[in-house]
Amino acid sequence: MASRDSSTLLCLVDGSSYLYRAFHALPSLTSGDGKPTGAIFGVANMVRRLAEEHRPGHLAVVFDAPGKTFRHEAYADYKAHRPPMPDELRAQIEPLHELIDAMGIRRVVVEGVEADDVIATLARRAREKGLDVLISSGDKDLAQLVEPGIVLEDSMQEKRYDPDAVEQKFGVGPERVGDLLALVGDTSDNIPGIEKVGPKTAAKWLRQYGDLDAVIENAGEIGGKIGENLRNGLDQLRLSRELVRLRDDVELDLSIDDLERDPPHRAELVELLKRFGFSTWLRQIDDSGEEAGGVSASAPEAELEVATVTTRKALDALVGELEAAGLIAFDTETTSLEPLDAGLVGFSFALEPGRAFYVPVGHAEQDTEFDRDEAVAAFRGVLADQERPKLAHNAKYDLNVLERAGVALAGIAHDTMLESYCCNATATRHDLDSLATRYLGRRTITFEQVAGKGKQQVTFDQVPVEQAAEYAGEDAEVCLALHRKLWPELSEFPGVRAVYEELEIPLIGVLARMERHGVLVDRERLAQQSAELAERLDVVQGEAWKAGGGEFNLGSPKQLQEILFERLGIKPLRKTPTGQPSTAEDVLQELAIHHELPRLILEHRGLAKLKSTYTDRLPEKIRADTGRVHTHYHQAVTATGRLSSTDPNLQNIPIRTEEGRRIRKAFVAPGGKRLLAADYSQIELRIMAHLSGDEGLLRAFAGREDIHRATAAEVFGKALDKVTTEERRSAKAINFGLMYGMSAWGLARQLETERDVAAEYIERYFSRYPGVRDFMDATRKLAKEQGYVETIAGRRLWLPEIGSRNRQRRQAAERAAINAPLQGTAADIIKRAMIDVDHWIRAEDVPARLIMQVHDELVLEVREDAVDEVRAGLIRRMSAAAELDVELLVETGSGFDWDSAH
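Keep in mind that what you see is a predicted model, and the values were worked out from it rather than measured.

**Observations regarding helix H35 (residues 807-843)**
For step 1, the next point in the chain: Its 37 residues place the ends of H35 53 Å apart at the C-alpha level, agreeing with the 54 Å of an ideal helix rising 1.5 Å per residue.
For step 2, the next point in the chain: The largest bend along H35 measures about 35 degrees and falls at asparagine 819, with the proline proline 821 one to four residues further on.
For step 3, the next point in the chain: Looking one or two residues beyond H35, the residue adopting positive phi is aspartate 845, at roughly 50 degrees.

Given below as structure tokens:
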């Protein structure tokens, strides 16, 4: 198994926000002596779940200090209308603080400022140190802090906000949220806003004028009663903005390094859990008092005996036990996370609970009677025997490692990573440590405990055999224990079991072969593209210097602000949270309509990203021994079953611009071969037609009509040949948007029209395709009744929030209920196609190799004289991957490179 990475994430928990919400949301729990504990229980469990899910390297819970802050000094009526804290809640604050401390988590309280200001300061400092930041809070004020590298997560409502999500929620970007809150006001904090101005009006003004200063400057242009209200409230607006603006320069007596997570304090933690009556948590505490992930408590460790095999006699005896076993749980230990570079260091096996074996084969210091080749030869027969069932965790990694070592692993019957994923894709991360905690209540030995951390970390071949045996043997035995827990649960559901056995397990070998083979990339073509991009960047830079009246650094926001807004006198559209004129991309796009320099800056940024991300970076991924890039496909990441890929991410190769499409030209076929690309056409819309049974959709697909043009004809009441390009574009947005729960507001933004117009489009759509609305309504109802939805193949997505009393959480679950059967079925279909195509190629010795899977597309490397034959067979098998009421249309193309194959 590959070594486990430590996290470079800082989680900042807004303890005060969650304290109130837990108090009001949870039932009134009490301890044995009758003292209230509901808020303590809610906040502590939220922190534990957060730590288990994200496993951050740094973690802090921030609380408000008692007493007044600088905002009270600026505005005497600040929070004046807030009722006093209930005595029942006040009594829980100090005990909660004690519990947070006992959990080994840094608690931060700073007098004179609020928790939000402390969070803002810590977030800024963390970003300066290169850490990513996750802020966990339900406070909308903290949306001001969101930027690339900082996300806001509302753990109680399962909402996550990156910059795009903030803009979707508020109608403005994070840098303008403070201005919006100033205009709207905040009744809970008694911050005055402009009378009758709500979030939509405030967002409209900010989009129109740019920022709060510009709104104030143009207040005379705004008519009606609301304009009068604005002008009457100008004096208080700047005060309101100062009250909502977060300080990121709070003086702290701690550093970011001080937020590294510590082990829990066993004695204090046990005592508190007994006092509060948290019996379930108490039962999970192990003898050492440590908790998995530093926060989530663990059950007592299982007794485990690991036998280290060092003699030939013991090696032969182990082989005999493996040959007699009904199921072999195994793991490999290596020198690298990259399987194509990984040197084999050891094998571990488990055949029964509480007992494991470790066979060292590649440690720098080991005393064995056999060498690596002898050990590999001894295990080759049993590992390559298709009839002997094997169990592993992330078996694809072990398969590729063993292939490199000369062992053709066969008989993979189970993979605990995929068992967990199929049981419940979103309940937890699917790494071995997380699963051991969740399903077994066990705290596993971490890689860092045996190999060290950071710069001091060594490769596994440098770990002493005695420590390596304990770590590796546990991995194999935990894998076996997880299988015994998960397999019965998975088998309860025939559809889930079928997805696991017929799709996910067979796909392991397909993906492993694709990863090993890789795809040929033309380094010289990328170098040429980089050089051309560099030349174009120089040209654009020169044009920008000319437009700006002199040389400056195009990548410097400060210099750009000076050129645009001072030298050229362009009016700023909005400001950053620090009060500087914004040069964000959306601002420049709007300015570019009327000014040349912003257009040139945008062009320069786009070209620079292509160069740095692709033409410069992709050559680094080309292996010297193969001339190819070898991506890593991931089966257990997305909620819906779709594959993802990393290092490099082939899913994000750009295709929307001419320069971006040229990147695909560097993915080439070797001499005597061609690339053959096959893409499912509009597969999710076809699945919708099948699931909904809507006659209009079925008729359009049966007639092989352009579905977006057909929808436009229905929605706009026109003949097909009268539909304009713009109307087709709108219909396409409607077709795809409604499948994923897009609201009228969201559609209006996408189409750049008014909300009532978008709402009318949606209503027309459903009136023309009533089966779609009936399907959506029935799916939501069924999801509420049974708590999950399924794909056609039986993949299941659990929806624990579908019956939530919280509207936002419930609506998110309802959107997922509609989306999952569509995306999930599409994922199941292409996975089945991949398995069938791979089997066909290997069974019939077809002169082709499956080399890439990207979204709904398969790419093959084919001998040039067999392209037509392979094309026909490929279309036949992809089209037969599911039986739908509409045709599964497969479009193909071939060429010397990936772009030409489209």
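**Thoughts on the sheet that holds strand S14 (residues 412-415)**
For step 1, the next point in the chain: Ordered by their spatial adjacency, 6 strands build an open sheet running S9-S12-S11-S10-S13-S14, and the pairing between neighbours is mixed. Looking at strand neighbours, the two that pair on one side only are strand S9 (305-308) and S14, the edges of this open sheet. Averaged over neighbouring strand pairs, the angle between their axes works out to 30 degrees when direction is ignored.
For step 2, the next point in the chain: Pairing of strand S11 (residues 344-352) with strand S12 (residues 355-360) involves 5 bridges; the strand directions are antiparallel. Directly across from glycine 346, in S12, lies its bridge partner proline 360.
For step 3, the next point in the chain: Across the sheet, helix H15 (residues 372-383) is in contact with strand S10 (328-334), S11, S12 and strand S13 (390-392); its angle to S11 comes to roughly 40 degrees.

**Points about the nonpolar core**
For step 1, the next point in the chain: Judged by nonpolar contacts, the single largest core of 165 residues is most densely connected at Phe347, Phe349, Val359, Phe379, Phe667, Tyr680 and Leu860.
For step 2, the next point in the chain: The contact partners of phenylalanine 347, leaving out residues within four places of it in the chain, are Asp331, Thr332, Phe357, Tyr358, Val359, Val361, Val376, Phe379, Leu383 and Leu402.
For step 3, the next point in the chain: Formed by 60 residues, the second largest nonpolar core is a distinct cluster that contains Leu10, Leu12, Ile135 and Ile191.

**As for helix H10 (residues 224-232)**
Because each turn of an α-helix spans 3.6 residues, side chains separated by three or four positions end up pointing in the same direction.
For step 1, the next point in the chain: For H10, the full list of buried residues reads Gly227, Asn229 and Leu230. The arc that holds the buried residues of H10, viewed along the axis, is 155 degrees, so those residues lie on one side. Turned more than 90 degrees off the buried face of H10, the exposed positions are Lys225 and Asn232.
For step 2, the next point in the chain: Tucked into the core, H10 has its buried residues touching helix H7 (177-184), helix H8 (199-209), helix H9 (212-217) and helix H11 (234-244).

**Things to note about the packing of helix H14 (residues 312-324) against H15**
For step 1, the next point in the chain: Interhelical geometry of H14 versus H15 gives an angle of 15 degrees and a closest axis separation of 10 Å. Relative to H15, the element H14 is oriented roughly parallel. The chirality of how H14 crosses H15 is right-handed. Judged by residue contacts, Arg312, Leu315, Leu318, Val319, Leu322 and Glu323 of H14 engage Glu374, Ala375, Ala378, Phe379 and Val382 from H15.
For step 2, the next point in the chain: Residue classes in the contact of H14 with H15 are distributed as 8 nonpolar, no polar and 3 charged.

**Notes on the pattern of salt bridges**
For step 1, the next point in the chain: Applying the stated criterion across every chain, the model contains 60 salt bridges.
For step 2, the next point in the chain: Where glutamate 477 meets arginine 442, a salt bridge forms, and the shortest distance between an N and an O atom there is 3.0 Å. Here the residue glutamate 477 occupies a position in helix H20 (residues 465-491), and arginine 442 occupies one in the loop between helix H18 (432-440) and helix H19 (447-451), the gap between them amounting to 35 residues.
For step 3, the next point in the chain: Relative accessible area serves as the criterion here: at 3%, glutamate 477 is assigned to the buried category.
For step 4, the next point in the chain: Overall, the relative accessible area of 7% leaves arginine 442 in the buried class.
For step 5, the next point in the chain: A salt bridge links glutamate 603 to arginine 536, with the nearest nitrogen and oxygen atoms 2.6 Å apart. Here arginine 536 lies in helix H22 (residues 523-548) and glutamate 603 lies in helix H25 (residues 596-615), a separation of 67 residues in the sequence.
For step 6, the next point in the chain: Judged by its relative accessible area of 25%, glutamate 603 falls in the partly exposed class.
For step 7, the next point in the chain: Its relative accessible area of 31% is what places arginine 536 among the partly exposed residues.

**Details of the packing of H18 against H20**
For step 1, the next point in the chain: Where H18 contacts H20, the two axes come as close as 10 Å, and the packing angle between them is 50 degrees. As far as their axial angle goes, H20 and H18 are oblique. The interaxial crossing formed by H18 with H20 has left-handed handedness. Judged by residue contacts, Leu432, Leu435, Ala436, Tyr439 and Leu440 of H18 engage Asp475, Val478, Cys479, Ala481, Leu482, Lys485 and Leu486 from H20.
For step 2, the next point in the chain: Partitioning the contact of H18 with H20 into residue classes produces 10 nonpolar, no polar and 2 charged.

**Structural notes on the environment of glutamate 726**
For step 1, the next point in the chain: Tracing the backbone through its elements, the reader meets glutamate 726 in helix H31 (residues 725-739).
For step 2, the next point in the chain: On a C-alpha basis, the gap between glutamate 726 and alanine 395 in space is 49 Å, while along the polypeptide they are 331 residues apart.
For step 3, the next point in the chain: At 2.6 Å, the side chain of glutamate 726 and the side chain of arginine 729 are in polar contact.

**A word on the state of the cysteines**
For step 1, the next point in the chain: Tallying each qualifying case throughout the model produces 0 disulfides.
For step 2, the next point in the chain: Summary of cysteine pairing: cysteine 422 is not part of a disulfide, and the nearest cysteine sulfur, belonging to cysteine 423, is at 7.4 Å.
For step 3, the next point in the chain: The buried category is assigned to cysteine 422, whose relative accessible area is 5%.
For step 4, the next point in the chain: Unpaired in this structure, cysteine 479 has its nearest cysteine sulfur neighbour in cysteine 423, at a distance of 14 Å.

**Considering the sheet that holds strand S6 (residues 159-161)**
For step 1, the next point in the chain: Pairing in this open sheet of 6 strands is mixed, and the strands run S3-S2-S1-S4-S5-S6 from one edge to the other. Of all strands in the sheet, those with a lone pairing partner are strand S3 (106-110) and S6, marking the two edges. On average, each strand axis in the sheet is tilted by 25 degrees relative to the strand beside it, whichever way the strands run.
For step 2, the next point in the chain: Bridge count for strand S2 (residues 58-64) against S3 is 5 bridges, and the pairing is parallel.

**Examining the environment of valine 862**
For step 1, the next point in the chain: Its location among the elements puts valine 862 in strand S23 (residues 857-863).
For step 2, the next point in the chain: Remark: the alpha-carbon pair of valine 862 and proline 670, spanning 192 residues in sequence, is separated by 9.5 Å.

**Some remarks on the packing of aromatic side chains**
For step 1, the next point in the chain: If you walk through the whole model with that rule in mind, you get 13 aromatic pairs.
For step 2, the next point in the chain: Measuring from ring centre to ring centre gives 6.3 Å for phenylalanine 447 and phenylalanine 460, while their planes differ by 25 degrees; the resulting arrangement is stacked. Placement of phenylalanine 447 in helix H19 and of phenylalanine 460 in the loop between H19 and H20 is noted, with a sequence separation of 13 residues between them. Taken as a pair, phenylalanine 447 and phenylalanine 460 share a single burial class, namely buried.
For step 3, the next point in the chain: Three or more aromatic residues joined by ring pairs make a cluster, and in this case those are Phe347, Phe349 and Phe379.
For step 4, the next point in the chain: The lysine or arginine in question, lysine 169, covers the ring of phenylalanine 170, its NZ or CZ lying 5.7 Å from the ring centre.
For step 5, the next point in the chain: The ring of tyrosine 439 carries arginine 438 above its face, with NZ or CZ at 5.6 Å from the centroid.

**Some points on the side chain of aspartate 179**
For step 1, the next point in the chain: One can find aspartate 179 in helix H7.
For step 2, the next point in the chain: The exposure class of aspartate 179 is buried, given its relative accessible area of 4%.
For step 3, the next point in the chain: Only 2.7 Å separates the side chain of aspartate 179 from the side chain of arginine 176, close enough to count as a polar contact.
For step 4, the next point in the chain: Residues within four places of aspartate 179 in sequence aside, it is in contact with Leu206, Asp211, Leu212 and Arg241.

**With respect to a negative patch on the surface**
For step 1, the next point in the chain: Together, Asp253, Asp258, Glu260 and Asp262 make up a region of like negative charge exposed at the surface.
For step 2, the next point in the chain: Among the structural elements, aspartate 262 can be located in the loop between H11 and helix H12 (266-276).
For step 3, the next point in the chain: On the accessibility criterion, aspartate 262 (44% relative accessible area) is partly exposed.

**Overview of unusual backbone geometry**
For step 1, the next point in the chain: A cis amide bond links aspartate 647 to the next residue, proline 648, at an omega of 0 degrees.
For step 2, the next point in the chain: Along the polypeptide, proline 648 turns up in the loop between strand S18 (644-646) and helix H27 (658-664).
For step 3, the next point in the chain: Positive phi is not limited to glycine here, since arginine 55 has a value of about 45 degrees.
For step 4, the next point in the chain: Tracing the chain through its elements places arginine 55 in the loop between helix H2 (38-54) and S2.
For step 5, the next point in the chain: Backbone geometry at aspartate 845 places phi at a positive 50 degrees, although glycine is not the residue there.
For step 6, the next point in the chain: Mapped onto the elements of the fold, aspartate 845 is located in the loop between H35 and strand S22 (848-854).

The rules behind each value
Residues numbered from 1 in each chain as written. Predicted model: local features only at pLDDT ≥ 70, side-chain atom pairs only at ≥ 80, totals over all residues. Heavy atoms only, no water. Helix = DSSP H or I, 4+ residues; strand = E, 2+ residues; numbered from the N terminus. Expected span 1.5 Å × (residues − 1). Bend = angle between axes of the 7 residues up to and from the residue. Pairing = 2+ DSSP bridges. Axes fitted to C-alpha atoms, helices over the stretch in contact; angles between N-to-C directions. Contact = heavy atoms within 4.5 Å. Core = buried A, V, L, I, M, F, W, Y, C linked by side-chain atoms within 4.5 Å. Buried < 20%, exposed > 50% of the residue type's maximum accessible area, 1.4 Å probe, protein only. Arc of directions from axis to C-beta. Parallel < 35°, antiparallel > 145°, perpendicular 65-115°, else oblique. Left-handed = near helix turned anticlockwise from the far one by under 90°. Nonpolar A, V, L, I, M, F, W, Y, C, P; charged D, E, K, R; others polar. Salt bridge = Lys/Arg side-chain N within 4 Å of Asp/Glu carboxyl O. Polar contact = N/O pair within 3.5 Å; in protein donor to acceptor, adjacent residues only side chain to side chain. Disulfide = S-S within 2.5 Å. Phe/Tyr/Trp six-rings, centres within 6.5 Å; stacked < 30°, edge-to-face > 60°. Lys NZ or Arg CZ within 6 Å of the ring centre and 35° of its normal. Patch = residues over 30% accessible without salt bridge, like charges linked within 9 Å, V, L, I, M, F, W, Y side chains within 5 Å. Areas by Shrake-Rupley, 256 points an atom, 1.4 Å probe, with all protein chains shown as cover. Lys, Arg positive; Asp, Glu negative; His and termini not counted. Charge placed at Lys NZ, Arg CZ, Asp CG, Glu CD.

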